[in-house]
Amino acid sequence: MEQLVKNRIKAIKKGDQNAYAEIVEIYKNKVYQLCYRMLGNRHEAEDVAQEAFIRAYINIHTYNPDMKFSSWLYRIATNLSIDRIRKKKPDFYLDAEVSGTDGLTMYSQLASTEASPEDTLESLELQEIVQKAILKLPEKYRSVIVLKYIEELSLQEISEILDLPVGTVKTRLHRGREALRKQLGHL
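Residues numbered from 1 in each chain as written. Predicted model: local features only at pLDDT ≥ 70, side-chain atom pairs only at ≥ 80, totals over all residues. Heavy atoms only, no water.

The chain is annotated in an unreviewed UniProt entry as RNA polymerase sigma factor from [Anoxybacillus] calidus.

Here you go:
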C-alpha cells in the first residue's frame, strides 16, 4: 500500500493530477474520521478534511519520501483541526448582560480563581510534608524524583544529566515513587 502511494506521489511530482485522485480515494475516510473525532461536527470535519488534501497537494514537494505519507497527511489534518478549534467563536460572551438581572454580566457568575486562605495553608503544609519526604529518600532516588517532578525534565534529559541509561532512570523513578508512597501513605 505504502509503495503504491509513493509511486503515485512520484507521478504527481511529474505533473499527473489524476494520481492524486487515487491518493484521496485511499485516505479520504481515515482523514475525515480523524477530523470528525477532533471537531465533533460532520460539516466542519468535511471542510477540514478537504482542506487537508488541498494543502497536501500544494505542499507535496515538501513531503519526505522516507516517512510514511499517511503520517504526513494526518499531521496536516490534525494541525488544521486544531486551528479550527482555536478559531471557533464562543457561544456566549462573558461581558454580555445576563437576562433578568440588573446589569450583571457572566463575569459575575464565575467562581473566584483565587484559593481561599484555608486552601492556601493546606497546600503549603502538603508541600512541606512532601518536601520532607523527598529529603528522606536516598540520593539516587531523590535526584531522579526532583529532576522529573520538580524540574519537569524528560527521561532522556535526566539520563543525560545523570549519565545513566534511560532504563536505570525509569527504575529509580519507580522505586523513588514507591518509597514516597510508603512515606506518604497516611495522606
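Back to the text.
(A) Examining a negative patch on the surface more closely. A cluster of acidic residues, Glu118, Asp119, Glu122 and Glu125, forms a negative patch on the protein surface. By the secondary structure assignment, Asp119 is in helix H5 (residues 117–136). Asp119 gets classed as partly exposed once you look at its relative accessible area, which sits at 44%. (Patch = residues over 30% accessible without salt bridge, like charges linked within 9 Å, V, L, I, M, F, W, Y side chains within 5 Å. Areas by Shrake-Rupley, 256 points an atom, 1.4 Å probe, with all protein chains shown as cover. Salt bridge = Lys/Arg side-chain N within 4 Å of Asp/Glu carboxyl O. Lys, Arg positive; Asp, Glu negative; His and termini not counted. Charge placed at Lys NZ, Arg CZ, Asp CG, Glu CD. Helix = DSSP H or I, 4+ residues; strand = E, 2+ residues; numbered from the N terminus. Buried < 20%, exposed > 50% of the residue type's maximum accessible area, 1.4 Å probe, protein only.)

(B) Here's a closer look at the nonpolar core. Grouped together as the largest cluster of nonpolar side chains are 26 residues, with contacts concentrated most on Ile23, Tyr27, Val31 and Phe69. When contributions to this core are tallied by element, the ones reaching two or more residues are helix H1 (2–13), helix H2 (17–39), helix H3 (42–58) and helix H4 (69–87). With eight residues, H2 is the single largest residue contributor to this core. (Core = buried A, V, L, I, M, F, W, Y, C linked by side-chain atoms within 4.5 Å.)

(C) Here's a closer look at the pattern of salt bridges. Evaluated as defined, the whole model comprises six salt bridges. The residue Glu51 makes a salt bridge to Arg55 at a minimum N-O spacing of 3.0 Å. With Glu51 and Arg55 both in helix H3 and four residues apart, this pair spans about one turn of that helix. Classification of Arg55 as partly exposed rests on a relative accessible area of 38%.

(D) Layout of the packing of H2 against H3. H3 packs onto H2 with a crossing angle of 140° between their chain directions and a minimal axis gap of 8 Å. As the angle between them shows, H2 and H3 are arranged oblique. Between H2 and H3 lies a crossing whose hand is right-handed. From H2, Gln17, Tyr20, Val24, Tyr27, Lys28, Val31, Tyr32, Cys35, Tyr36 and Leu39 reach across to H3, where they touch Arg42, Glu44, Ala45, Glu46, Val48, Ala49, Ala52, Phe53, Ala56 and Tyr57. Here the residues of the contact of H2 with H3 sort into 15 nonpolar, one polar and four charged. (Axes fitted to C-alpha atoms, helices over the stretch in contact; angles between N-to-C directions. Parallel < 35°, antiparallel > 145°, perpendicular 65-115°, else oblique. Left-handed = near helix turned anticlockwise from the far one by under 90°. Contact = heavy atoms within 4.5 Å. Nonpolar A, V, L, I, M, F, W, Y, C, P; charged D, E, K, R; others polar.)

(E) Geometry of the packing of H3 against H4. One way to put it is that H3 packs onto H4 with a least axis distance of 9 Å and a crossing angle of 130°. Relative to H4, H3 is oriented oblique. Crossing of H3 against H4: the hand is right-handed. Here H3 contributes Glu44, Asp47, Val48, Glu51, Ala52, Phe53, Arg55 and Ala56 to the contact with H4, which in turn contributes Trp72, Leu73, Ile76, Ala77, Leu80, Ser81 and Arg84. When the residues that make up the contact of H3 with H4 are grouped by side-chain class, the tally is nine nonpolar, one polar and five charged.

(F) Main features of the packing of aromatic side chains. One pass over the full model with this rule turns up seven aromatic pairs. Here the aromatic rings of Tyr63 and Trp72 are separated by 5.4 Å at their centres, their planes lie at 55°, and the arrangement is tilted. Here Tyr63 matches Trp72 in class, with each residue buried. Aromatic side chains Phe69 and Trp72 sit 5.7 Å apart centroid to centroid with 50° between the ring planes, which places their arrangement in the tilted category. (Phe/Tyr/Trp six-rings, centres within 6.5 Å; stacked < 30°, edge-to-face > 60°.)

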